[in-house]
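For reference, the chains in residue letters:
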Amino acid sequence: MRAPDFCLPYIDRDQYYQLSDQRGKIVVLTFWASWCPDCSNDLPLKERLYQSIDQTKMSFITINVVGRERDPNEGIRYYQKFLSQPTLIDHGIDVYRKYNCLGVPTTVIIDQQGYIIKQFTDQAKPLDIMETIGELI
């Protein structure tokens, strides 16, 4: 299945990210919310991966699902404290819904041609996510 395209604003600058501009790269999308304990376990692992990858071949993107936040500023504060990878702000829960997410975190692995290879729920083991990425590299 082709990954639904989207255009969302970055959390920290006045620019937009277009998924379709990433063709040719593996994309790892992670949907999250600041209050989520599973996200607090998941995102630091992805942050370490992000800092060690070849960014010409792979793109790590997190999406703060602002429609699931108690206060939109909580997502901004979480990002500023814990993340350096590119982070976007969902339009409420629009993109979250396009990807049929059922909870946070949700991780979506998209191949170089723009197809969803696998989607992981909050119960995913980090090793399973890494193995899926490894199969694409």
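Chemist: Would you take a moment to explain the overall build of the protein chain for this structure?
Modeler: Counting its secondary structure elements, the protein chain contains four helices and seven strands. Ordered by position in the sequence, the α and β elements of the protein chain form the string β-β-β-α-β-α-β-α-β-β-α. In terms of C-alpha radius of gyration, the protein chain reaches 14 Å, essentially the compact-globule figure of 14 Å for 137 residues. Expressed as lengths along the three principal axes of its C-alpha atoms, the size of the protein chain is roughly 35 × 30 × 25 Å. Considering only residue pairs separated by 6 or more positions, the protein chain has 70% of its internal contacts joining residues 24 or more positions apart. Here the protein chain has roughly 7,100 Å² of accessible surface; of this, 49% comes from carbon and sulfur atoms.

Chemist: Can you help me understand the state of the cysteines in this one?
Modeler: Think of a disulfide as a covalent bridge from one cysteine sulfur atom to another cysteine sulfur atom. Considering all chains together, one arrives at zero disulfides under this definition. Considering cysteine sulfurs only, C101 is the nearest to C7, which forms no disulfide, with 18 Å between them. Overall, the relative accessible area of 35% leaves C7 in the partly exposed class. Here C101 stays free of any disulfide, with the sulfur of C39 as its closest cysteine sulfur at 11 Å.

Chemist: Explain the nonpolar core to me, please; I cannot follow it from the model alone.
Modeler: Most often, soluble globular proteins have nonpolar side chains that are buried together. Counting residues in each nonpolar core, the largest one holds 30 residues, and the members touching the most others are F6, L29, F31, I63, Y99 and I110. Elements supplying a minimum of two residues to this core: β3 (26–32), α1 (37–52), β4 (58–64), α2 (72–82), α3 (94–98) and β6 (106–110). With four residues, β3 is the largest single contributor of residues to this core. What I110 contacts, discounting residues up to four positions off in sequence, is A3, L19, K25, I26, V27, L29, Y99, Y115 and I116. Counting 10 residues, the second-largest nonpolar core is a separate cluster that includes Y50, I53, I109 and I129.

Thresholds, definitions, all that
- For every chain, the first residue of the written sequence is number 1, and numbering continues from 1 along that sequence.
- Selection of residues for local features in this predicted model requires a pLDDT of at least 70, selection of side-chain atom pairs for listing and counting requires 80 or more, and totals for whole chains, interfaces and linings are taken over all residues.
- Excluding hydrogens and water, the side-chain values take into account all heavy atoms of the structure.
- Going along the chain from the N terminus, every DSSP run of H or I of four or more residues is numbered as a helix, and every run of E of two or more is numbered as a strand.
- Radius of gyration: over C-alpha atoms. The globule rule applied is 2.2 Å multiplied by the number of residues raised to the 0.38 power.
- Residue contacts are defined here by distance: any two heavy atoms, one from each residue, within 4.5 Å place the two residues in contact.
- All accessible areas in this document rest on Shrake-Rupley with a 1.4 Å probe, and a residue is counted as covered only by the protein chains that are shown.
- The rule for a disulfide is simple: a pair of cysteine sulfur atoms within 2.5 Å.
- Remark: exposure states derive from per-residue accessible area (1.4 Å probe, protein chains only) relative to the maximum for the residue type, with buried under 20%, exposed over 50%, and partly exposed in between.
- Among the buried residues, those of types Ala, Val, Leu, Ile, Met, Phe, Trp, Tyr and Cys that are joined through side-chain atoms within 4.5 Å form a nonpolar core.

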